[in-house]
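Descriptive structure summary
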Amino acid sequence: MAYSKFSELVEKCKQKPHTKTVAVAGAADEHVLEAIVEAEKIDLVRPILIGNTGEVENVLRKLGEDPADYRMIHAETAADCGIEAVELIKNGEAEFIMKGMLDTKDVLKPLVKKENGLHTGRAMCVFAYTEVPQMKRLLAVSDGGMIPYPTLEQKKDIVLNCVDVLHKLGVENPSVAVLAAVEKVNPKMVETVDAAALIEMNRNGEIPGCEIVGPVSFDIAMSKEIAKTKKYDCPYCGDFDMFLVPTIAAGNLMHKAMVLCGGSKMAGVVVGAKVPVVLTSRGASTEEKFVSLALASLIS
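It should be emphasised that the depicted structure is a prediction, and the values quoted were computed from it without experimental measurement.

Next up on the list: the sheet that holds strand β10 (residues 265-271). Taken in spatial order, the 11 strands line up as β3-β2-β1-β4-β11-β10-β5-β6-β9-β7-β8 in an open sheet, and their pairing is mixed. Sheet topology places β3 (71-74) and β8 (211-216) at the edges, where each strand pairs with a single neighbour. The pairing of strand β7 (residues 175-179) with β8 spans 4 bridges and is parallel. The partner of A177 across the bridge, within β8, is V213.

Let us look at the packing of helix α4 (residues 78-90) against helix α5 (residues 104-112). Their axes nearest at 8 Å, the elements α4 and α5 cross at an angle of 40 degrees. Between α4 and α5, the interaxial angle falls into the category oblique. Classified by chirality, the crossing of α5 by α4 is right-handed. Contact residues: α4 offers A78, A79, G82, I83 and V86, while α5 offers D106, V107, P110 and L111.

Turning our eyes to something else, we now look at unusual backbone geometry. Here the amide bond leading from S142 into D143 is cis, since omega sits at 0 degrees, within 30 degrees of zero. You can see D143 is positioned in the loop between β6 (139-142) and α6 (152-168). Along the chain, G214 connects to P215 via a cis peptide bond; the corresponding omega equals -5 degrees. Tracing the chain through its elements places P215 in strand β8. Of note, the phi angle at D43 is positive, near 60 degrees, even though the residue is not glycine. Among the secondary structure elements, D43 is positioned in the loop between α2 (30-41) and β2 (45-51). You will see that K231, though not glycine, has its phi angle at about 55 degrees, which is positive. Looking at where K231 falls in the secondary structure, it is placed in the loop between α9 (224-229) and β9 (242-244). K231 sits in the exposed class, given a relative accessible area of 74%.

What counts as what
Residues numbered from 1 in each chain as written. Predicted model: local features only at pLDDT ≥ 70, side-chain atom pairs only at ≥ 80, totals over all residues. Heavy atoms only, no water. Pairing = 2+ DSSP bridges. Helix = DSSP H or I, 4+ residues; strand = E, 2+ residues; numbered from the N terminus. Axes fitted to C-alpha atoms, helices over the stretch in contact; angles between N-to-C directions. Parallel < 35°, antiparallel > 145°, perpendicular 65-115°, else oblique. Left-handed = near helix turned anticlockwise from the far one by under 90°. Contact = heavy atoms within 4.5 Å. Buried < 20%, exposed > 50% of the residue type's maximum accessible area, 1.4 Å probe, protein only.

Note that all results are geometric; they support no functional claim without further evidence.
Next up, the structure:
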């Protein structure tokens with residue numbers, strides 16, 4: 001099965017027998033709390049709000065909510081918010097984390113501490129799920145948010161992380177396009193060399209549970225017609241489950257162009273640890289944060 005729209009993903013989340021609990025670190029953020037309130041009202045998640053309780057209460061009242069309806073944990077600093085969120089995960093009181101008004105490092109630093117036992121050993125990356133008008137299914141894109149220039153080993157981790165997520169979402173054998181500017185291996189273009197290496201890892205079982213294709217340009221990966229015109233023989237063109245981008249800049253630019261110019265919608269979570277982290281950008285809409293909560297709930 002593959003989701004074609006975020007509305008289907010949200011409906012699936014509503015049908016889960018157990019409502020997941022999210023630890024919201026740095027919760028005194030209006031846009032984050034708007035998404036949390038919307039999600040909590042339809043029983044999508046149960047939130048635990050961490051931060052300066054006075055500030056969190058003020059934001060809730062501004063949104064027309066009664067603070068007494070929400071569980072809160074007071075934390076003086078941003079670092080304390082991250083530590084408290086991870087403690088809730090360790091104690092089994094929450095199943096995933098959402099970042100609010102604090103720096104990314106304040107959440108990820110305690111999450112990867114060896115003594116907390118929540119790191120898998122893989123490089124963490126952003127799993128961006130994208131609703132693209134031209135495509136029949138939601139498209140995963142990674143990594144456009146964590147690793148600036150991923151090495152081959154990090155690209156392997158990115159694919160493994162994202163394939164694990166796609167399996168949890170019901171995609172049995174995801175097709176993965178390793179994006180580049182050209183379709184042939186060129187020693188001067190490291191992303192093409194890495195594509196060939198990743199395909200070999202896929203064939204020998206180092207990266208199981210998926211089918212890796214590449215190097216392949218974005219236009220060919222997106223369009224069966226363009227693939228046919230350019231004589232690129234691949235059954236997944238126009239219908240890939242995942243795009244692996246060569247650098248954070250490529251992924252970031254592609255995401256923003258698809259959303260702002262192409263009418264796409266996006267949800268995103270950080271994966272690679274034992275629990276997902278909703279880590280949307282400051283410019284993300286309330287809708288993006290809401291759908292990201294649903295995504296994290298389904299895979300946690």
